[in-house]
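Chain by chain, the residues run as shown.
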Amino acid sequence: MPEVHRSGAGRGRTEPGRRRNGATDGRTVRGHRPARRSPWVKAGRVAVSATSAAILLASGVTWATYTWINGGLNTSDALDAANKGAPRHLDNSVNLLLIGLDSRKDMNGNDLPRQFVQDQLHAGSSDIGYYNTNTLILMHIPADGGKVTAFSVPRDDYVQTFNGDGTVQGHYKIKGAYANAYTSAHDRLSAQGVKGSDLEAQSREAGREATLVTVQKFLDVPVDHFAEVNLLGFYDIAKVVQPIQVCLQHPVHDRYSGANFPAGLQELNPKQALAFVRQRHGLLMGDLDRTHRQQAFLSSVTHKLKTDGVFGDLGKLQGLFDVVKKDLVIDSKLNVLDFAQQATNLTGGKVEFHTLPIAGFAHRNNEEVNLVDPERIRSIVQAMIGHDASASPSDGAGAGKPSPAVSAAPATVDVLNGSGRTGAAAGELRALAALGYTTGRTSNAATRHGTTIVYGSGAQAAARQIADRLGTAAPVASPSVPAGRVQITLGTDFTPPASNSSGSSGTKATTPGSEPSPVPSTAFAGDSVKMGGIPCVN
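Residues numbered from 1 in each chain as written. Predicted model: local features only at pLDDT ≥ 70, side-chain atom pairs only at ≥ 80, totals over all residues. Heavy atoms only, no water.

Student: Outline the overall build of the protein, supporting the account with residue identities and numerical values.
Tutor: A count of helical and extended segments in the protein gives 15 helices and 25 strands. Looking at the protein residue by residue over its 538 residues, the buried ones come to 57%. Counting contacts in the protein only where the partners sit at least 6 residues apart, residues at least 24 apart contribute 76% of the total. When the accessible area of the protein is evaluated, it comes to approximately 20,600 Å², of which 49% is carbon and sulfur surface. (Helix = DSSP H or I, 4+ residues; strand = E, 2+ residues; numbered from the N terminus. Buried < 20%, exposed > 50% of the residue type's maximum accessible area, 1.4 Å probe, protein only. Contact = heavy atoms within 4.5 Å. Areas by Shrake-Rupley, 256 points an atom, 1.4 Å probe, with all protein chains shown as cover.)

Rendered as structure tokens:
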């Protein structure tokens, strides 16, 4: 592999045409991992382009020259640290991680103009968001050129987070791995006298390393490439490809994000597009619905670029790329020219997004979090990509066989709150929706001690699954409950479960080199989103 030169003390000393992030020691190093030769490795690298609108704009067509395409790119060596303890590859597939950063700052750590943040981004102030990763999407590209599988990791998943060297940060929301490492590095480097853009670059590099290691350990898969885009980058993407067509299943009005849209197909300007991907208040599944919005946004942008002929027009793409590349960071081993040559291979419905499931909601560290079952998550991921899921968990969550994925039996679920705790019914209904049950209504009930479950005709299987999940007495058939519905009345004994099981098996572990196992759609949090058109989402 060609030598990779690290920048000197300032940003002015860089590899020709590329800006390096977080490397200021002046050394010349060689890449630690051999280059992959499979043609689908190139396609794999293109996946970032094909699914992240930012990268699509960066690498959608054949470029005039390698020098031009690399001009002004921000690159990172964070994978050098992350790959040292990464799970091993069992084949020549490629995994790419898309990182959406919630920072309201530029690449040098300067606050974006207040008026712009408030009026256009509708994002409060530059003090909000910090360096949290609000979007984490792992894309798996098979070595043989099969369908690309993308996994969205909900940002509020409560997991064990790690630093880039593999040391444990503690248990936090997964979005906080970047911010925790950034803060620690920033404080340490400041004490050493590092300042300005070097301080910001090296601190962000620590954040990237932590995010990569945390995702690898949580999912038990290696990351081969990554791309990071900030909040401004999403806005700039929307600005250069507007209007962006989206579809909503229901009208929404949210003063927090600025989302105010009718139901149905519609075209959005940049300000509206950002509100579309940021809304979480007023949605049944909250952040999980926002994750589906992000997936739909990427699909819509890809669809527009393809239908507008941007992939085949160098002039159009150059204009788009010149705007977007300042907001983008890619790993230093990613060959953008390969991306350009292979980009259209991953359009036209060849990518499908799945949102990884949660097991419930709870309060941890004085904030609301998603509870997750790491073993079940790994079981689903490994079943989808055809790897061995029997290895011991990487985060020490426990040994033994992975929990099976739950296939929710068909039923509409109503939740009545007799627990005396505000929001308990709504929280449990969201958790059940994430598991694949159809949501009904929530209401209050007289306070009672025990949680009970009754069901109507045809809903016995779902009622039993939910009773197993909550650890209640056996559900009871009731003529007062409509057919196909389950009614849960929460009592003071109700505690949101930390993990879930219905006793039905939907996923099985696979052996190395085997074909991926089918995973039921109900194993994921909400409907999957297929790239290639304008998906209609909540």
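Student: Which residues make up the sheet that holds strand β22 (residues 476-477), and what values do they have?
Tutor: In space, the 5 strands of this open sheet follow the order β20-β19-β23-β21-β22, with mixed pairing throughout. The outermost strands of the open sheet, each flanked by one partner alone, are β20 (438-444) and β22. Looking at chain direction, strand β21 (residues 452-455) and β22 are connected through 2 bridges and run parallel. Along β22, the bridge assignment pairs V454 with V476. Contacting β19 (412-417), β20 and β23 (485-490), helix α14 (residues 424-435) crosses the sheet at an angle of about 160 degrees to β19. Of the strands in this sheet, β19, β21 and β23 touch helix α15 (residues 460-470), which is tilted by about 170 degrees from β21. (Pairing = 2+ DSSP bridges. Axes fitted to C-alpha atoms, helices over the stretch in contact; angles between N-to-C directions.)

Student: Break down unusual backbone geometry for me, citing the residues and quoting the values.
Tutor: Here the bond from Q242 into P243 is cis, since omega is -5 degrees, no more than 30 degrees from zero. Within the fold, P243 resides in the loop between α8 (231-241) and β11 (244-248). Phi is positive for N365, close to 55 degrees, though the residue is something other than glycine. Within the fold, N365 resides in the loop between β17 (360-364) and β18 (367-371). Of the residues examined, N365 reaches a relative accessible area of 46% and is grouped as partly exposed.

Student: So what's going on with the nonpolar core? Which residues, and what values?
Tutor: Membership of the largest hydrophobic core comes to 40 residues, with the highest contact counts inside it found for M139, I244, F261, F276, F297 and F353. A78, F218, V372 and A434 belong to the second largest nonpolar core, which has 39 residues in total. (Core = buried A, V, L, I, M, F, W, Y, C linked by side-chain atoms within 4.5 Å.)

Student: Before we move on, can you summarise the packing of helix α9 (residues 270-278) against helix α10 (residues 287-307) with the specific residues and values?
Tutor: Look at α9 against α10: their axes get within 7 Å of each other, and the N-to-C directions meet at 135 degrees. The angle between α9 and α10 places the two elements in the oblique class. Contacts between α9 and α10 involve A273, A275, F276, V277 and R278 on the former and, on the latter, R290, R293, Q294 and F297. For the contact of α9 with α10, a count of residues per class yields 5 nonpolar, 1 polar and 3 charged. (Parallel < 35°, antiparallel > 145°, perpendicular 65-115°, else oblique. Nonpolar A, V, L, I, M, F, W, Y, C, P; charged D, E, K, R; others polar.)

Student: Provide a residue-level description of the pattern of salt bridges, including the pertinent values.
Tutor: Taken as a whole and assessed by the stated rule, the structure comprises 10 salt bridges. A salt bridge links D156 to K173, with the shortest nitrogen-to-oxygen separation between them at 3.4 Å. Highlighted residues: D156 in the loop between β7 (148-152) and β8 (158-162) and K173 in strand β9 (residues 168-173), separated in sequence by 17 residues. K173 carries the same exposure label as D156, and that label is buried. A salt bridge links R485 to D414; the shortest N-O distance between them is 2.7 Å. Of the two residues, R485 sits in strand β23 while D414 sits in strand β19, which places them 71 residues apart along the sequence. A residue is classified by how much of its surface remains accessible, and D414, at 5% relative accessible area, is buried. Here the residues in one salt-bridge network are R155, D156, K173, K175 and E367, joined through shared partners. (Salt bridge = Lys/Arg side-chain N within 4 Å of Asp/Glu carboxyl O.)

In short, the description is geometric, and any link to function would need to be established separately.
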